[in-house]
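The lines below spell out each chain.
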Amino acid sequence: MPQIIILPHAERCPEGAVLEANAGDSLIEVALEAGISIEHACEKACACTTCHVILREGFDSLEESDELEDDLLDKAWGLEPDSRLSCQVKVGDEDLVVEIPKYTINQVSENH
C-alpha cells in the first residue's frame, strides 16, 4: 500500500503527515480526508491551479499529465518540473513525497 508523505507546510500541515493510500486514489481526496486543506477553488474539476503540488519523490511513477493540466500548470505560482495538480494525480504503486507550495494564485491575488 503506497504512502503519501506530506512535507510540513506552515499553514496547511505544520507537522507534515504520512497518509495511507491505495493505487488509483486521488491525491487531493486522500489529503482532504486526512484533514489537510489543499485549496481546490474549482472543486477538483481541473479548471484552476489552486491545488498545485510539487512531487519531491515518486513523480515518475505517476501517469503523465494531459494537455489541459499542462496548460493550467503554466499559470501556477512556483511552478517546478515535478509540479502537478493534486486533483489530477492518481496514486500509483510507489510512495509519493508531496510539497504544498507556500502560495497559490488564489492566495497571491487575495493579498494584493
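About the thresholds
- Residues numbered from 1 in each chain as written.
- Predicted model: local features only at pLDDT ≥ 70, side-chain atom pairs only at ≥ 80, totals over all residues.
- Heavy atoms only, no water.
- Helix = DSSP H or I, 4+ residues; strand = E, 2+ residues; numbered from the N terminus.
- Buried < 20%, exposed > 50% of the residue type's maximum accessible area, 1.4 Å probe, protein only.
- Patch = residues over 30% accessible without salt bridge, like charges linked within 9 Å, V, L, I, M, F, W, Y side chains within 5 Å.
- Areas by Shrake-Rupley, 256 points an atom, 1.4 Å probe, with all protein chains shown as cover.
- Salt bridge = Lys/Arg side-chain N within 4 Å of Asp/Glu carboxyl O.
- Contact = heavy atoms within 4.5 Å.
- Pairing = 2+ DSSP bridges.
- Axes fitted to C-alpha atoms, helices over the stretch in contact; angles between N-to-C directions.
- Disulfide = S-S within 2.5 Å.

Student: So what exactly am I meant to see when it comes to unusual backbone geometry here?
Tutor: Among all residues save glycine, negative phi is the norm, and among peptide bonds the norm is trans. Of note, glutamate 43 is a non-glycine position whose phi angle comes to about 60°, a positive value. Of note, glutamate 43 is situated in the loop between helix 1 (27-33) and strand 3 (52-57). Residue classification places glutamate 43 among the exposed residues on the basis of a relative accessible area of 59%. Its identity is not glycine, yet cysteine 46 carries a phi of approximately 55°, on the positive side. Along the chain, cysteine 46 turns up in the loop between helix 1 and strand 3.

Student: Even after reading the chapter, I still don't get a nonpolar patch on the surface, so can you show me in this structure?
Tutor: There is a patch of nonpolar side chains on the surface, built from Trp77, Tyr103 and Ile105 and spanning about 250 Å² of accessible area. Of note, tryptophan 77 is situated in the loop between helix 2 (67-73) and strand 4 (83-85).

Student: What is the right way to look at the environment of serine 26 in this model?
Tutor: In this structure, serine 26 sits in the loop between strand 2 (17-20) and helix 1. Using a relative accessible area of 11% as the deciding quantity, one classes serine 26 as buried. When the C-alpha positions of serine 26 and valine 91 are compared, they lie 6.3 Å apart, and in sequence the two are 65 residues distant. Sequence-distant contacts of serine 26, that is, excluding residues within four places in its chain, are made with Ser86, Cys87, Val89 and Lys90.

Student: Teacher, can you tell me more about the sheet that holds strand 2 here?
Tutor: Sheet strands pair by backbone hydrogen bonding; their relative direction is either parallel or antiparallel. Strand order in the open sheet made by the five strands is 2-1-5-3-4, with mixed pairing throughout. Two strands bound the open sheet, and with one partner strand each, they are strand 2 and strand 4. Pairs of neighbouring strands in the sheet enclose a mean axial angle of 35°, with direction left out of account. Direction of pairing for strand 1 (residues 3-6) relative to strand 2: antiparallel, over a ladder of four bridges. Paired with isoleucine 4 across the bridge in strand 2 is leucine 19.

Student: Please clarify how the state of the cysteines should be interpreted in this entry.
Tutor: Working definition of a disulfide: a covalent bond connecting the sulfur atoms of two cysteines. Applying the stated criterion across every chain yields a total of zero disulfides. The structure places no disulfide on cysteine 42, whose sulfur is separated from the nearest cysteine sulfur, that of cysteine 48, by 3.7 Å.

Student: I keep staring at the pairing of strand 3 and nothing clicks. Help me out?
Tutor: Remember that side chains alternate between the two faces of the sheet whenever the strand is regular. Two elements, strand 3 and strand 4, share three bridges in a ladder whose sense is antiparallel. For histidine 52, the partnering residue across the bridge sits in strand 4 and is leucine 85. Pairing of strand 3 with strand 5 (residues 96-99), which is carried by three bridges, proceeds in the antiparallel orientation. Across the sheet, residue isoleucine 54 finds its bridge partner in strand 5, namely glutamate 99.

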